Amino acid sequence: MSDVLVASYPEMFMSPPLVEIGGGWLGVAQQAVEELRALHPEVRISAMYRDRHGMLAIDVGVAPLARDADVIDAIQNIMAEFDADLLDAMLTVVGRYRLLSAWTCYDDGKPGWLVDPPNGRRPLCRECQQKRGMRVGWHAA
């Protein structure tokens, strides 16, 4: 699924990106990328993965589109026009989709909740918990 996401939005990812997400999070990740893309033309994602808490982590920043000698000028231009509103907007998007991921099954995208299977904390729906032989439970604290 990670390759599908990067191939769908190549302009949004730094090269090479670290993108490791389950198939169930593809929709959540696509929505996050779309919202981040709408914020500023130079917003880039360097990583998108399931963190140790079992939720989606997105490393995002602003990277200049210029090349070679123009890079310093481009960085200075970004810094001159950069304001706290863009940073706040990026953090709001990242936070919203992090929260949504905690309620979206990592495997199939159905509504789920954070549980502690043997291979690491992740949100799973009732059916995926049963398929793994787990006792169906609610959010792990």
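The coordinates are above.
So, a few notes on the structure that sits alongside this text. (Residues numbered from 1 in each chain as written. Predicted model: local features only at pLDDT ≥ 70, side-chain atom pairs only at ≥ 80, totals over all residues. Heavy atoms only, no water.)

1. Here's the deal with the overall build of the protein chain
- When helices and strands are tallied, the protein chain shows five helices and five strands.
- Traced from its N-terminal end to its C-terminal end, the protein chain shows the element sequence α-β-α-β-β-α-α-β-β-α.
- Residue pairs at least 24 apart in sequence account for 49% of intrachain contacts in the protein chain once pairs closer than 6 positions are excluded.
- Approximately 7,900 Å² of the protein chain is accessible, and the part contributed by carbon and sulfur atoms is 56%. (Helix = DSSP H or I, 4+ residues; strand = E, 2+ residues; numbered from the N terminus. Contact = heavy atoms within 4.5 Å. Areas by Shrake-Rupley, 256 points an atom, 1.4 Å probe, with all protein chains shown as cover.)

2. As for helix 4 (residues 84-101)
- Its 18 residues place the ends of helix 4 26 Å apart at the C-alpha level, agreeing with the 26 Å of an ideal helix rising 1.5 Å per residue.
- Every buried residue of helix 4 is listed here: L86, M90, V93, V94, Y97 and S101. Taken around the axis of helix 4, the buried residues stretch over an arc of 90 degrees, which confines them to a single face. Those residues of helix 4 that are exposed and aimed more than 90 degrees away from the buried face are D85, L91 and L99. (Expected span 1.5 Å × (residues − 1). Buried < 20%, exposed > 50% of the residue type's maximum accessible area, 1.4 Å probe, protein only. Arc of directions from axis to C-beta.)

3. Some points on the packing of helix 2 (residues 26-39) against helix 4
- Packing of helix 2 against helix 4 leaves a shortest axis separation of 10 Å and a crossing angle of 170 degrees. With respect to their mutual orientation, helix 2 and helix 4 come out roughly antiparallel. For the pair formed by helix 2 and helix 4, the contact residues are V28, Q31, A32, E35, L36 and L39 on the first element and L86, A89, M90, V93, R96, Y97 and L100 on the second. (Axes fitted to C-alpha atoms, helices over the stretch in contact; angles between N-to-C directions. Parallel < 35°, antiparallel > 145°, perpendicular 65-115°, else oblique.)

4. Thoughts on helix 2
- Its 14 residues give helix 2 an end-to-end C-alpha distance of 20 Å, which sits within 8% of 20 Å, the value for a rise of 1.5 Å per residue.
- The inward-facing, buried residues of helix 2 contact helix 1 (2-8), strand 1 (13-20), strand 2 (43-50), strand 3 (56-62) and helix 4.

5. So, the pattern of salt bridges
- Using the criterion set out here, one finds seven salt bridges in the structure.
- Between R37 and E34 there is a salt bridge, and its shortest N-O distance comes to 3.0 Å. With a gap of three residues between them, R37 and E34 both fall in helix 2, about one helical turn apart.
- With relative accessibility at 36%, the residue E34 sits in the partly exposed group.
- The residue R132 makes a salt bridge to D107 at a minimum N-O spacing of 2.6 Å. Of the two residues, R132 sits in the segment after helix 5 (126-131) while D107 sits in the loop between helix 4 and strand 4 (113-115), which places them 25 residues apart along the sequence. (Salt bridge = Lys/Arg side-chain N within 4 Å of Asp/Glu carboxyl O.)

6. Things to note about the side chain of Q129
- Along the chain, Q129 turns up in helix 5.
- The exposure class of Q129 is buried, given its relative accessible area of 0%.
- Looking at Q129, its side chain comes within polar contact range of the main-chain oxygen of L124, at 3.1 Å.
- Beyond its immediate chain neighbours, meaning those up to four positions away, Q129 contacts W113, V115, L124, M134, R135, V136 and G137. (Polar contact = N/O pair within 3.5 Å; in protein donor to acceptor, adjacent residues only side chain to side chain.)

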